[in-house]
Amino acid sequence: MTRTFKIGDYVIDDDSDCFVIAEIGHNHQGRLDQALELVDAAAACGASAVKLQKRDNRALFTEEMYNSVYNSENAFAETYGAHRDFLEFGRDEYVALRERAEKHGLLFFSTAFDRPSADFLRDLDMPAYKIASGDLTNIPLLEYIASFGKPMVVSTGGGTMDDVRRAYATIKPINPNFTILQCTSGYPPSFEELNLNVIKTFREEFPDIQIGLSSHDSGIAMALVGYVLGARIIEKHFTLNRAMKGTDHAFSLERQGFSKLVRDLKRARVSMGDGVKRTYDSEKAPLTKMAKSLVAARDLPTGHVLQIDDITFKSPGGGLPPYRVDELVGLRLSSAMRRDEQFREDQIPANDRIAAGGGGAE
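Residues numbered from 1 in each chain as written. Predicted model: local features only at pLDDT ≥ 70, side-chain atom pairs only at ≥ 80, totals over all residues. Heavy atoms only, no water.

Topic: the overall build of the protein chain
Working step 1: For the protein chain, the count of helices and strands is 14 helices and twelve strands.
Working step 2: Compactness check: the protein chain gives a C-alpha radius of gyration of 31 Å against a globular reference of 21 Å for 362 residues, more than 25% above the reference.
Working step 3: For the C-alpha atoms alone, the extent of the protein chain along its principal axes is close to 105 × 45 × 40 Å.
Working step 4: Per-residue burial over the protein chain gives 47% buried out of 362 residues.
Working step 5: Put simply, 66% of the contacts in the protein chain that link residues at least 6 apart link residues at least 24 apart.
Working step 6: Looking at the protein chain as shown, the accessible area adds up to about 17600 Å², and 49% of this sits on carbon and sulfur atoms.
Working step 7: Charged side chains of the protein chain number 44 positive and 52 negative; the gap between the two group centres comes to 5 Å. (Helix = DSSP H or I, 4+ residues; strand = E, 2+ residues; numbered from the N terminus. Rg over C-alpha atoms; globule rule 2.2 N^0.38 Å. Buried < 20%, exposed > 50% of the residue type's maximum accessible area, 1.4 Å probe, protein only. Contact = heavy atoms within 4.5 Å. Areas by Shrake-Rupley, 256 points an atom, 1.4 Å probe, with all protein chains shown as cover. Lys, Arg positive; Asp, Glu negative; His and termini not counted. Charge placed at Lys NZ, Arg CZ, Asp CG, Glu CD.)

Here you go:
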């Protein structure tokens, strides 16, 4: 069975480069100019897509939570609801960001945290929808967004395997074009909690969909491990400066890190190869220097019958390889040899070469 996930102009399968999502989230700090710069930077880094987060805060939070005092050093307002409102973009900002992304050839989409936000994004004809880890068990929202018929990217942080199976069973009959991402919802999590082998578990459990990784660690190496384990969609938080005010900046990648991530994921794909062991042209010259050939251990006269101590192994390669030493022992030399002179194929009688299964050096 071929796993494919179609999103925008991309068709992602096991042989594809990674689809790399630059998660801007609210790292724009409520500023359109900063968000546009993030889109420009993500494009320059080689991202496949940029993503925001959309919340209708009055619909999302209880009145008590919305009005709760927010004393965090990362707060942009005195209450949690007002803080969240400060970070929200409306239609004009979304249109401007989408246009900037399209100019760069980037896919632009968003996470819908609630039904009004899903409607907001649908009215803008978003090409795809992200489901946050917190909504893995929100079956009504999963059903509603699945009904749009657009690609879905589903994170699984904090969930159990039963939660993931339930989400899969909910979405699959409605919209088969979705992907599930292994995720740990720490910000950042410890490396012991990343549990990257869950990628293999998901691939075995859900053989008909692509699997990815949303990694909240602050480096790039774990995404490469994820690719090797089978993840073909990688999501990483992205910022202009990790020292900026906001909860997500500290574990986000800056431009240099994100560029290296994209570069290394592309290298990983071609480096995986096809699993067939072979010799490459680039290896021949170095191996000629490093490999050993069978050579005379000392000056040897004509008619000498070769003994094991008459033969030694020295570089360069290109002559008879050491594994053929037994074919030489007992042979009578038809001509003298100088110390370090390589033994030759034609010194071994043809019938002995055939019996020994001879052949040239590898």
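Concerning the packing of helix 6 (residues 115-123) against helix 7 (residues 139-146)
Think of two packed helices as two axes; the pair is described by the angle between the axes and how far apart they sit.
Working step 1: Look at helix 6 against helix 7: their axes get within 10 Å of each other, and the N-to-C directions meet at 10°. As far as their axial angle goes, helix 7 and helix 6 are roughly parallel. Where helix 6 crosses over helix 7, the handedness of that crossing is right-handed. Where helix 6 approaches helix 7, its residues R115, A118, D119 and R122 are matched on the opposing element by L141, Y144 and I145.
Working step 2: Looking at the contact of helix 6 with helix 7 residue by residue, the class counts come to four nonpolar, no polar and three charged. (Axes fitted to C-alpha atoms, helices over the stretch in contact; angles between N-to-C directions. Parallel < 35°, antiparallel > 145°, perpendicular 65-115°, else oblique. Left-handed = near helix turned anticlockwise from the far one by under 90°. Nonpolar A, V, L, I, M, F, W, Y, C, P; charged D, E, K, R; others polar.)

Thoughts on the packing of aromatic side chains
Working step 1: This structure, assessed with the given rule, holds 13 aromatic pairs.
Working step 2: Aromatic side chains Y144 and F148 sit 5.1 Å apart centroid to centroid with 70° between the ring planes, which places their arrangement in the edge-to-face category.
Working step 3: Judged by its relative accessible area of 14%, Y144 is buried.
Working step 4: K245 extends its terminal NZ or CZ atom over the ring of F76, reaching a point 4.6 Å from the ring centre. (Phe/Tyr/Trp six-rings, centres within 6.5 Å; stacked < 30°, edge-to-face > 60°. Lys NZ or Arg CZ within 6 Å of the ring centre and 35° of its normal.)

Notes on unusual backbone geometry
Working step 1: Put simply, Y187 and P188 share a cis peptide bond, and its omega is 0°.
Working step 2: Omega for the peptide link from S315 to P316 comes to 10°, which places this bond in the cis form.
Working step 3: Take P316: it is sitting in the loop between strand 12 (311-314) and helix 13 (325-328).
Working step 4: Unlike most non-glycine residues, D125 shows phi in positive territory, near 55°.
Working step 5: By the secondary structure assignment, D125 is in the loop between helix 6 and strand 6 (129-131).

A short note on the sheet that holds strand 9 (residues 211-214)
Working step 1: Pairing within the closed barrel is parallel, and its eight strands lie in the order 3-4-5-6-7-8-9-10. With strand direction ignored, the average angle separating the axes of adjacent strands in the sheet is 25°.
Working step 2: In this fold helix 1 (residues 32-45) packs onto strand 3 (19-25) and strand 4 (49-54), with an angle of close to 165° to the strand it touches most, strand 3. (Pairing = 2+ DSSP bridges.)

Quick word on helix 6
Working step 1: Those residues of helix 6 that sit buried are S117, A118, F120 and L121. Buried residues of helix 6, seen end-on, are gathered within an arc of 160° and therefore sit on one face of the element.
Working step 2: The secondary structure elements touched by the buried residues of helix 6 are strand 4, helix 5 (91-104), strand 5 (107-112), strand 6 and helix 7. (Arc of directions from axis to C-beta.)

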